[in-house]
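# Understanding the architecture of this molecule
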Amino acid sequence: MHRHSPPTSGPVPASRLEAPSAQHPRTQGATGRSGTAATPAARGLPRYVLAATLARTADGGAVLAIVLLVTTSGAPGWLAGLLGAAITAPHLLGPFIARRLDTAQDGRTVIAGACVIHGATLAAAVLLYPLTWPIVPGLLLVASGLVGPLLTGGISSRLPAIAGPDRLGQRRAQGWDVATYGIAGTIGPSIVAVVSVRADPVAAALMLAAATFVAAAFVRLLPYAPPAAHPSEVPSPGRTLSMMAAFGPLRRTLYLTMVVALSVAALPIAAIASTDRLHIDHAAAGLLTAAYGLGGLAGSAGVMVRPFTADADRLMTWLAVAVATALIGSTLASTFALALAAYAVAGVLNSCFFAATLAARSEYAPRRARGQVFVWIGALKITAGSAGTALAGLVVTGAAQLPLALAATLIAVAVAASIIDRRTDRTPERP
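None of the values given here were measured: they were computed from a predicted structure.

### What to know about the packing of aromatic side chains
- Per the stated rule, a full pass over the model turns up 2 aromatic pairs.
- Taking 5.5 Å as the distance between ring centres and 70° as the angle between the ring planes, the aromatic pair formed by Phe96 and Trp376 counts as edge-to-face. Of this pair, Phe96 sits in helix α4 (residues 95-103) while Trp376 sits in helix α17 (residues 370-395); the two residues are 280 residues apart in sequence, bridging distant segments of the chain.
- Among the residues examined, Trp376 registers a relative accessible area of 5% and is labelled buried.
- Ring centres 5.0 Å apart and planes at 70° place the aromatic pair Tyr181 and Phe354 in the edge-to-face group. Residue Tyr181 is found in helix α8 (residues 167-198), and its partner Phe354 is found in helix α16 (residues 336-364); the two are separated by 173 residues along the sequence.
- Sitting over the ring of Tyr181, Arg56 keeps its end group 3.9 Å from the ring centre.
- When the ring centre of Phe354 is taken as origin, the NZ or CZ atom of Lys381, which lies over that ring, is 3.4 Å away.

As structure tokens, then:
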């Protein structure tokens, strides 16, 4: 199996794009067999899982807490949507502050600080909401959303240093990382819903804020990793994105991640729209989305137990095909039982695909821009998912099966593009 190298010409000089030698497949074996790489992983991975789960739980539940806070106060729905967007839309700007991850002497300080800022601004926003004009909590939520990508992709950028140089160990650790997203995506909204019923949305939001403070403490306990380069050698966010577009493996990672995220975001909308066709109550649509979530957790567990060994670049393509097939199965399911199974399989395969994209980011990202690559892809993935939900809502009025059919078609187009892209890619191979 060959690894690719960044092009010798392009936005960033080749000398600035080398991946760390520890990430090269040829370095696995001796290190992994000797067990020396297992020591930092055994020490850091449990702390990483706790930190990532807590931070992502807060990030994932914040929108629901804000929407419930506004709607229960009697304010109009448009204000709830606007304040909810205030904390999600700024994620797209996250990459422009992510350079600090690559230039900082200690990246843990940057991520821990982002956790504290996210929690403090979220808490201040919900406490000030009934006391001030909505613009004040709105600006606080924008600040919270700006650091949100550092709680997702930013934390993931620490994983390669924790997992060690053995590629199999890294792939297993990436399964844990996928699991933290799945757990957080389930626990966050659940905590908000339960606490809002028993107390109020303010209490729920304050619990999420407290979780980010605890996450900051665990981030500081992660193993230290020295900076990869002098700050003057770290490319700007724009140059990093240009480099990703010019370098084949990262380019394919970027657009496949975005297309699959946009496509699977149609599943909840399609679940609600298919209740009449499946002859079930509207409330049962929640069981379909729950099956998708449980499938995602099962997929991440599978990656932990049996990590992928294939080349991440090609693996993403074929797992994207598998996700598209699962979406087609969800479209064709004629009974509720078949739909449950199809949604669960889609969750499994999407988690496997996500793990493959994490592997690609780890193995192909240059050391001097590793944090920025993780955050860029994570931020664009979130944006694509939001767009997918909006688009599915627009087209579902035509036919319940239309969103998933279009989603599968879109993935098929992206897969075909990736195959052609790889065959025509003239990026030199790493010697």
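From this point, the discussion proceeds with the structure in view.
### With respect to the environment of Val303
- Checked against the element boundaries, Val303 lands in helix α14 (residues 285-305).
- Residue Val303 is classed as buried on the basis of its relative accessible area, which comes to 2%.
- Val303 sits 128 residues away from Gly175 along the chain, and the two C-alpha atoms are 5.0 Å apart.
- With residues near it in sequence (within four places) discarded, Val303 still touches Arg171, Arg172, Gly175, Phe308, Cys352 and Ala355.

Definitions and cut-offs
Residues numbered from 1 in each chain as written. Predicted model: local features only at pLDDT ≥ 70, side-chain atom pairs only at ≥ 80, totals over all residues. Heavy atoms only, no water. Phe/Tyr/Trp six-rings, centres within 6.5 Å; stacked < 30°, edge-to-face > 60°. Helix = DSSP H or I, 4+ residues; strand = E, 2+ residues; numbered from the N terminus. Buried < 20%, exposed > 50% of the residue type's maximum accessible area, 1.4 Å probe, protein only. Lys NZ or Arg CZ within 6 Å of the ring centre and 35° of its normal. Contact = heavy atoms within 4.5 Å.

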